[in-house]
Amino acid sequence: RGRLTGVIVGGPGTQRLQSVAGGAAGWVAIGGNDRLPRRPLVVSSRDGVQWRPMAGGLFAPRGDETLRAYGVTAGPRGHVVVGEDGSAAVVWHSADLRTWRRGKGADKDLDPTDDGNRWMQAVASGPGGYVAVGGAKGPGGDHVPVAWTSPDGLTWTVRKTPVLPVGASGYLHHVAVSGQVVVAAGEYRVGDEPPKRFAFASSDGGQSWQETMPAGLADAESVTGVSALPQGVAIHGTTGAEGAADVALWVSRDGRTWRMERPGETALSGTGDQRLTGLVTFRGGMLAVGASTTGQGTQPVLWRRPAF
């Protein structure tokens, strides 16, 4: 069990770590607390055993403004953490886990839009740099999806993405990079209709984007993540109503042609709710973690399978 010390990770209220990324310099885990004003919880480790928090400075909220960290990745140029700072998107970058710097927009591309706030929800790294996704307040108050790219984790440029259906409000929640293929997934809603899931794909490292429509994704109960495979991308989520949700998996080599799978293992389907909450490449295949909830309680799930 790792050792985590420091005032920022103790005391009153709930502190929770929700995501982690490992790179050449070590590991970074992110989360937050439930006290106001909201502030990010960012901890780092050289060896995965001894962890130290990043306190104050760049990670301290200004006044009553909410400051949150939503996503983290590690790439060739270092670790990147993304989130929101009040009404603006925010990026932190470190090449050595000792010194952190705030990223900036190429042309105010992190600043609030004319219509309202902007935020980064997730980030991934690839051979060409970093890709982040999230949302912004669009005309009429609806949310719209947004994607950014950066060659170094410090300077970020907004990229044009497809538009959602007329009257829809939604944004991107997950992103993964495999070579030059990038896939991002999100959720939107039109009025009082049930939410729909959607995905965008890029074949040039996030510079340009197109819609991609895996069969069954739009009406899935949830999308819980997008992960890079050795030669492709996987979207994982659930199908079926709440209380009887089963794991679903969509895999693609190019982000355009997809194969949907419903794994039949007991821990991934059947009575109760089953879901995967994380999936990574492991020894040429996939290794996933999740949970299975039935009338007898909740049990952790560890699942391994070939990539394709």
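Above this text is the structure in question.
Reading the values: the criteria
Residues numbered from 1 in each chain as written. Predicted model: local features only at pLDDT ≥ 70, side-chain atom pairs only at ≥ 80, totals over all residues. Heavy atoms only, no water. Pairing = 2+ DSSP bridges. Helix = DSSP H or I, 4+ residues; strand = E, 2+ residues; numbered from the N terminus. Axes fitted to C-alpha atoms, helices over the stretch in contact; angles between N-to-C directions. Buried < 20%, exposed > 50% of the residue type's maximum accessible area, 1.4 Å probe, protein only. Polar contact = N/O pair within 3.5 Å; in protein donor to acceptor, adjacent residues only side chain to side chain. Contact = heavy atoms within 4.5 Å. Salt bridge = Lys/Arg side-chain N within 4 Å of Asp/Glu carboxyl O.

**Section: the sheet that holds strand β22 (residues 259-261)**
Working definition: the strands of a sheet are paired by backbone hydrogen bonds and lie parallel or antiparallel to each other.
Logical step 1: The strand order across the open sheet built from 4 strands is β19-β20-β21-β22, with neighbouring strands paired in antiparallel fashion. Pairing within the sheet leaves two strands with one partner each, and these edge strands are β19 (222-229) and β22. Neighbouring strand axes in the sheet, compared pairwise and without regard to direction, differ in orientation by 20° on average.
Logical step 2: Bridge count for β19 against strand β20 (residues 232-239) is 7 bridges, and the pairing is antiparallel. Looking at β20, one finds that G225 is bridged to H236.

**Re the side chain of S94**
Logical step 1: Along the chain, the position of S94 falls in strand β8 (residues 88-94).
Logical step 2: Residue S94 is classed as buried on the basis of its relative accessible area of 1%.
Logical step 3: For S94, the side chain forms a polar contact with the main-chain nitrogen of L97, separated by 2.8 Å.
Logical step 4: With residues near it in sequence (within four places) discarded, S94 still touches R77, G78, H79, T99 and W100.

**A closer look at the sheet that holds strand β4 (residues 40-45)**
Logical step 1: If you trace the 5 strands from one edge of the open sheet to the other, you get β1-β5-β4-β3-β2, paired in mixed fashion. In the strand order of this sheet, the two ends are held by β1 (3-4) and β2 (15-23), each with one partner.
Logical step 2: Sheet analysis places β4 next to strand β5 (residues 50-53), joined by 2 bridges and oriented antiparallel. Bridged to V43 within β5 is P53.

**Let's talk about the pattern of salt bridges**
Logical step 1: One pass over the full model with this rule turns up 8 salt bridges.
Logical step 2: D219 is paired through a salt bridge with K196; the nearest N and O atoms lie 2.5 Å apart. In this pair, D219 is assigned in the loop between β18 (210-212) and β19 and K196 in strand β17 (residues 196-202), connecting sequence segments 23 residues apart.
Logical step 3: In this structure, E261 and R259 form a salt bridge, with 2.8 Å as the shortest nitrogen-oxygen distance.
Logical step 4: E261 gets classed as buried once you look at its relative accessible area, which sits at 18%.
Logical step 5: The network of salt bridges with shared partners includes R259, E261 and R305.

These results come straight from atomic positions and should not be treated as a statement about function.
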